[in-house]
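Commentary on secondary and tertiary structure
Here's the letter readout for the chains.
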Amino acid sequence: MQALFEHPIAGKQMKAFALECAISNDLTDIARELLKDPDITVNKCNIVAAIERKHHVMVELLLKNIQYIPFGIFSYVINSCDLGVMRVFLADPRIDPSACDNLALRSAVKNDCNDIVSLLLTHPKIDPGYTNQKILDVAISNRATRSVSVLLADGRIDPGAYENKAIMKAMNNQRYEILELLISDSRVDLGTSDNRLLKHACEIHNTHLTMILCIHPKVDPTVMHNTPIRIATKKGYTSVVSKLLPRVNISDGIEIYAKLRCCIIDPIIKTLWEEHLSRGLWLISTMIHEHFPTDLHQFMYQV
């Protein structure tokens, strides 16, 4: 065996094979001894094998014994989603984790590896707001709820930027868990752009969001002459109408119902409106009789 190792051609091949065996069996001490031999050189396949085994100690050893970082090697680190391996690479000054438009961060978010996302965000070269907060779009598209939570906690991503663009995307894609995270952020103004969010929630029949928006202090459900409830009434969204009706005052309600009554197809919505208006009129009548105990007609006649 010693003679084979000392052979000028076969020896190098045997040593390379010995290193591969040490890597594949996580034998770091043996690999360290083998790397003392000048005939043994580390290649891309060696590092990839160590990354795939998620053996960060072996990865660190191999990186120390290679002059140049092989092209494309960082993509294997990203796909491994291993915290230890990622730490080793981020500690190497030859690695730029922000390369290719934050590919590392985008991939980690896509896979919802929140630990990796948190680690990458600590690197000085990583800017999550790069390219108009594209990273938030990636998270929403891939249902990466945990990653959204990490991104929002970082503070450099504004969920209300670009007139609540991220919130609109989450709403349109029915990402309700993410949506709740976004709208609960104190930086978001849900009433911006004439309560566009509430109007859109009514249009797409999102009852859950409609209810959340209706009780939000910055949202006015009566905006633009009660546009939200007009939309919901015309489109037959019973549940949305039931959430919005209590916020409509009686005088506006009479005017809206008079104009839309012929357009209402759903009998349940018609009943909801009539009950709301009759209840409102009854309250008004009660209040009048409380203030004017005499008969209303007689009072008016006397005046």
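Thresholds applied
Residues numbered from 1 in each chain as written. Predicted model: local features only at pLDDT ≥ 70, side-chain atom pairs only at ≥ 80, totals over all residues. Heavy atoms only, no water. 1 Å grid on protein atoms, 1.4 Å probe; cavity = no way out; pocket = protein on both sides within 12 Å on 5 of 7 lines; lining within 4 Å. Points joined across faces, edges and corners; volume = space filled by probe spheres on them. Helix = DSSP H or I, 4+ residues; strand = E, 2+ residues; numbered from the N terminus. Nonpolar A, V, L, I, M, F, W, Y, C, P; charged D, E, K, R; others polar. Buried < 20%, exposed > 50% of the residue type's maximum accessible area, 1.4 Å probe, protein only. Phe/Tyr/Trp six-rings, centres within 6.5 Å; stacked < 30°, edge-to-face > 60°. Axes fitted to C-alpha atoms, helices over the stretch in contact; angles between N-to-C directions. Parallel < 35°, antiparallel > 145°, perpendicular 65-115°, else oblique. Left-handed = near helix turned anticlockwise from the far one by under 90°. Contact = heavy atoms within 4.5 Å.

Take the layout of surface pockets next. One number sums up the size of the largest pocket: a volume of about 310 Å³. Gly72, Phe74, Asp96, Ala99 and Cys100 are the residues nearest the centre of the largest pocket, which is lined by 15 residues in total. Counting only elements with at least two residues in the lining of the largest pocket, the list comes to helix H6 (73-80) and helix H8 (99-110). In terms of residue class, the lining of the largest pocket is built from 11 nonpolar, two polar and two charged.

What follows concerns the environment of phenylalanine 89. Locating phenylalanine 89 in the fold gives a position in helix H7 (residues 83-90). Distance from phenylalanine 89 to leucine 63, taken between C-alpha atoms, is 8.5 Å for residues 26 residues apart in sequence.

The subject of this paragraph is unusual backbone geometry. A positive phi is found at aspartate 112, a non-glycine position, where the angle reads about 55°. With respect to the helices and strands, the residue aspartate 112 is situated in the loop between H8 and helix H9 (114-121). Accessibility expressed as a relative area gives 15% for aspartate 112, which makes it buried.

Moving on: the packing of aromatic side chains. Each aromatic ring pair is summarised here by two numbers: the centre-to-centre distance and the angle between the ring planes. Taken as a whole and judged by the stated rule, the model has one aromatic pair. Consider the rings of phenylalanine 74 and phenylalanine 89, whose centres lie 6.0 Å apart with planes at 40°: the pair is tilted. Of the two residues, phenylalanine 74 sits in helix H6 while phenylalanine 89 sits in helix H7, which places them 15 residues apart along the sequence. Comparing phenylalanine 74 with phenylalanine 89 shows no difference in burial state: the two are buried.

A separate point is the packing of helix H13 (residues 176-183) against helix H15 (residues 207-214). When two helices pack together, their arrangement is given by the angle between the helix axes and by the axis-to-axis distance. In contact at an axis separation of 11 Å, H13 and H15 are set at 10° when each is read in the N-to-C sense. For the element pair H13 / H15, the angle class is roughly parallel. Crossing hand, H13 versus H15: right-handed. Residues Leu179, Glu180 and Ile183 of H13 pack against His208, Leu209 and Ile212 of H15. Of the residues contributing to the contact of H13 with H15, the split by class is four nonpolar, one polar and one charged.

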